[in-house]
Structures are given as C-alpha cells and as structure tokens.
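Each chain is listed here by its residues.
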Amino acid sequence: MKARKVKGLDPAGALADNAERIVHVRLGELWSFVPAALDPDEVTALHDMRIAAKRLRYILEVTAEACFGPYAGTALKRTKELQDLLGEIHDCDVQLPRVLGRLEELRSDAARQARARAKPKADDLDPRLAIRTAHSAEWRGLETLAVYLEARRALLFERFLELWTQLERDGFRARLDYAARERPPATPPVDPNSDADGARARLASGASA
Amino acid sequence: MAKAREIDGLRADLPFADAAAATVAVRAEELFEHAAGVLDITDIERVHDMRVATRRLRAVLEIYAPCFPRELFKPVLAEVKALADALGARRDPDVLLDRLAGLEDVLPKAARPGLEAFAAPAREEQARGNDVLEAALAEAERANLRARLAALAASATEPRVDAGVEAAPDGDGTERARADAIATAGAAPAEASSADGAPA
C-alpha cells in the first residue's frame, strides 16, 4: 500500500511542526480502512490497515516524547498493540492457505497412489485402495493445524474488533490529533556554572566531581 | 526485540534536518550492531533484531526524506529496502518453524507427522532465505552501505541551495524529485507479504 503524501514538510522548520503534519496524515490513513477492515472477509483492507498502523507507530516512536503532548505516548502504545494484533491475524491469513495447499498436494499424491494400486483396466476403484497411502499419517496434523489457524484467526479478529471499539470509545483519533498540536514544556539549557547543572553535566559525561 | 536507542538532543524545536541527521546516524549504527551472527539459524532472534533495526532505519529515512539530497538518498533507501527484504526471506520461515515447534509441544503425537509435512518445506525455505541474506549482507559490505549511510545522515545538515524550497514547476528534475520526496515523506515501510507478525 502506497503511503499518502504529506504536503508542506520543511527541512528548516521545527521537528515537531513537521511531525505534526505527518501524524495527521497517518492518522487519516489509518482511519480510511474503516469500516472495510471491520469485515472479517476484507483481508486486504486489514493488511493495509496494519501497514498504516505501522507507519503511524514509527512516526510516533521517533517524535511522541520529544515533540507532543502526553497522550502521544499512550497513542504509541495503543498503535503498537493494534499493529501487533493485526500482525498476528495476518500470520494466520498467510499460513492457512499454505497449510491447505500442502493438504491439497498430499491428497493429490495419495489419489495418484490409490489409482496406481488399482488394475489399469479396472471398472471401478475399490475404496480400500484409498487407505494407508504414503501420507495418511500426515492428515491429522495438517487438518489440526488448519483448524487451529482458522479458529485462531476468528478469535483474534474478535479481539481486534474489541480493541478498535475501545480506541473509538476513548477518542483515540481526536486525542492524538490534539496531542500532536501540543508541545512539551521547553527544557532550560544546561548551565555548567550552576552547581546542580554542572554535576548533572559531569555525571552525563562520566567525569568525577 | 531490541529496544530502539534514544536519540540524544531530539527536541520539538530542533530543525527537522538536524533531527534527520541525528536520528538516521543512530538508527544506521543500530542496524550494523545487529549484524553479527544473523546467518546462524539456531538463534532466530538475531535476524529478528536486525530486521527490526532495518525497519526502524527505513522508517526514519522515509520520514526525513525531504532533508536529504535525492541523489544520495534514493540509492541508499533502495539498498536498505533490499536488505530488509533479504532479512524477511529468512525471518518468515523462522517464525513459522518456531510456531510449529510450539504446537508440537502441545498437540498429541499423532499430529506430528502432519506438522512435519508442513515444516519440511519451511526448512527448505529457511535455507534458501539464509542464502539470500548472505548475498545481501555481502552486497551491503561491497557497496559500503554503512559509510554511505553515515554520509547521508551528515548530508542533512549540510547547506544546500534548494534546502527547504518547494520545487519550481518546471525545474530541471532535481527540484521536482525533491518536491516529490518532500511530499511523500513520513511513509514507513510497507510489505508485500510477511509471516512475521512481529512488529518491527
């Protein structure tokens, strides 16, 4: 999924002002997948939403503490939770077709074996020829794996819906938008001549007092 | 997962370009700090940590894209992406095999042949992924990616004629490209596919 463009970024401008623009666009990008991603069958929308969450997470990771109001830190944690959860769902979406594909391969191979066991000119296939094929021991594990992945996906999707509802209820978007417009209080520069600042500076540089 | 290192001196009022220089320099160093032992398939956390480091680096490169001269930025970003892809080629089967091992511990013995039937091709994929990664690491070394990343980071604070200026409508292409970089900045990496689930 291609990222939305962020207009008006200025290398000479303040980090926080630029980051605010980026956060605003990334938030809109994340929300653009709702309501599509709330449908469990909309796999692509969910995958794209995960990428959008990742983009938002990374800009917050770099700037939340240094540039924004206090809610930005909370938003970073929530975004990470969302991205993690969507990642786990994505894993299921990637792995389940692979398991089903492997089952299909083995079944086709077993069918070829069963056919080969029958006489070439047989009128019909004796069902007993379909048992104990080379892969019969593998069915159970693969079927269990497929069931597990499908059920896990369903469960995780329910958790995603809950998490998303909670984010909406908490006013995540509006609060982060607001926090991105806030600026942390400026820290006064260190004065090496003051006792306290001098000690801190020496401590930071590893020098003894 | 390795925690991202703090960027010293990052402040709200710091010029974007200065923040770019400081952040990219640290994230680039982190990448190479995690390079040791990544080809060892018995310790999959090494690849994971290096992959996370490439994602963080790629993310900050894209966030700060407008601060860098395009002719330096574009090839470096492409190489970081290539390295990230190679790490992904190893990481995806790593994750799958790790999960299968976890399932093997809790499922009955009768399920094991099936799990093994799924694990066998994943192991082959892991071996191929390791070859891809080995080649990518060699290429990064050959192309001197580390030094070029350091140079790119430093370039953000070097004075440029076009610094901070929007592209002229009919510029010579450099300005146009720079405007494009300005407009697309802030984009973090997207993935084609992944079984990692692990956030970077």
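Scroll up to find the structure this text is about.
Criteria and thresholds
- Residues numbered from 1 in each chain as written.
- Chains lettered and ligands numbered in written order.
- Predicted model: local features only at pLDDT ≥ 70, side-chain atom pairs only at ≥ 80, totals over all residues.
- Heavy atoms only, no water.
- 1 Å grid on protein atoms, 1.4 Å probe; cavity = no way out; pocket = protein on both sides within 12 Å on 5 of 7 lines; lining within 4 Å.
- Points joined across faces, edges and corners; volume = space filled by probe spheres on them.
- Helix = DSSP H or I, 4+ residues; strand = E, 2+ residues; numbered from the N terminus.
- Nonpolar A, V, L, I, M, F, W, Y, C, P; charged D, E, K, R; others polar.
- Salt bridge = Lys/Arg side-chain N within 4 Å of Asp/Glu carboxyl O.
- Buried < 20%, exposed > 50% of the residue type's maximum accessible area, 1.4 Å probe, protein only.
- Contact = heavy atoms within 4.5 Å.
- Axes fitted to C-alpha atoms, helices over the stretch in contact; angles between N-to-C directions.
- Parallel < 35°, antiparallel > 145°, perpendicular 65-115°, else oblique.
- Left-handed = near helix turned anticlockwise from the far one by under 90°.
- Expected span 1.5 Å × (residues − 1).
- Bend = angle between axes of the 7 residues up to and from the residue.

Participant: Can you explain the layout of surface pockets? Please cite residues and give values.
Facilitator: Residue and element names in this part refer to chain A. Volume-wise, the largest pocket comes out at about 580 Å³. Among the elements that line the lining of the largest pocket, the one with the most residues is helix α2 (residues 43-67), at 8 residues. When grouped by side-chain class, the residues that make up the lining of the largest pocket number 9 nonpolar, 3 polar and 11 charged.

Participant: Run through the pattern of salt bridges, naming residues and quoting values.
Facilitator: Taken as a whole and judged by the stated rule, the model has 30 salt bridges over all chains. We note a salt bridge from A:Glu20 to A:Arg183, for which the minimum N-O separation is 2.6 Å. You can see A:Glu20 sitting in helix α1 (residues 15-31) and its partner A:Arg183 sitting in the loop between α5 (172-181) and α6 (195-205), a full 163 residues away along the chain. Through salt bridges with shared partners, a single network forms among A:Glu88, A:Asp91, A:Arg152 and B:Arg99.

Participant: If you had to explain the environment of B:Gly88 to someone new, which residues and values would you point to?
Facilitator: All names here are of chain B. Mapped onto the elements of the fold, Gly 88 is located in helix α3 (residues 70-106). Its relative accessible area of 6% is what places Gly 88 among the buried residues. Distance from Gly 88 to Val 132, taken between C-alpha atoms, is 9.8 Å for residues 44 residues apart in sequence. Apart from residues lying up to four places away in sequence, Gly 88 is in contact with Arg 51 and Pro 93.

Participant: Which residues make up the packing of helix α3 (residues 71-117) of chain A against helix α4 (residues 112-142) of chain B, and what values go with them?
Facilitator: Viewed as axis vectors pointing N to C, α3(A) and α4(B) meet at an angle of 115°, and their least axial separation amounts to 10 Å. Considering their axes alone, α3(A) and α4(B) lie roughly perpendicular with respect to each other. The hand of the α3(A)/α4(B) crossing is right-handed. Two secondary-structure elements touch here, α3(A) through A:Gln95, A:Arg98, A:Val99, A:Arg102 and A:Leu106 and α4(B) through B:Ala117, B:Phe118, B:Pro121 and B:Glu125. Class assignment for the residues of the contact of α3(A) with α4(B) results in 5 nonpolar, 1 polar and 3 charged.

Participant: Any details on the environment of A:Lys54? Residues and values, ideally.
Facilitator: Along the chain, A:Lys54 turns up in helix α2. A C-alpha to C-alpha distance of 7.7 Å links A:Lys54 and A:Thr79, two positions 25 residues apart in sequence.

Participant: Any chance you could break down α4(B) for me, citing the residues and the numbers?
Facilitator: Residues and elements named next belong to chain B. Compared with the 45 Å implied by 1.5 Å per residue over 31 residues, the 44 Å span of α4 between its first and last C-alpha is a close match. A maximum bend of about 25° is found in α4 at Ala 119, where proline Pro 121 lies one to four positions downstream. Those residues of α4 that sit buried are Gly 114, Leu 115, Ala 117, Phe 118, Ala 119, Ala 122, Gln 126, Gly 129, Asn 130, Leu 133, Ala 136 and Ala 140. Within two residues after α4, Asn 144 carries a phi angle of roughly 55°, on the positive side.

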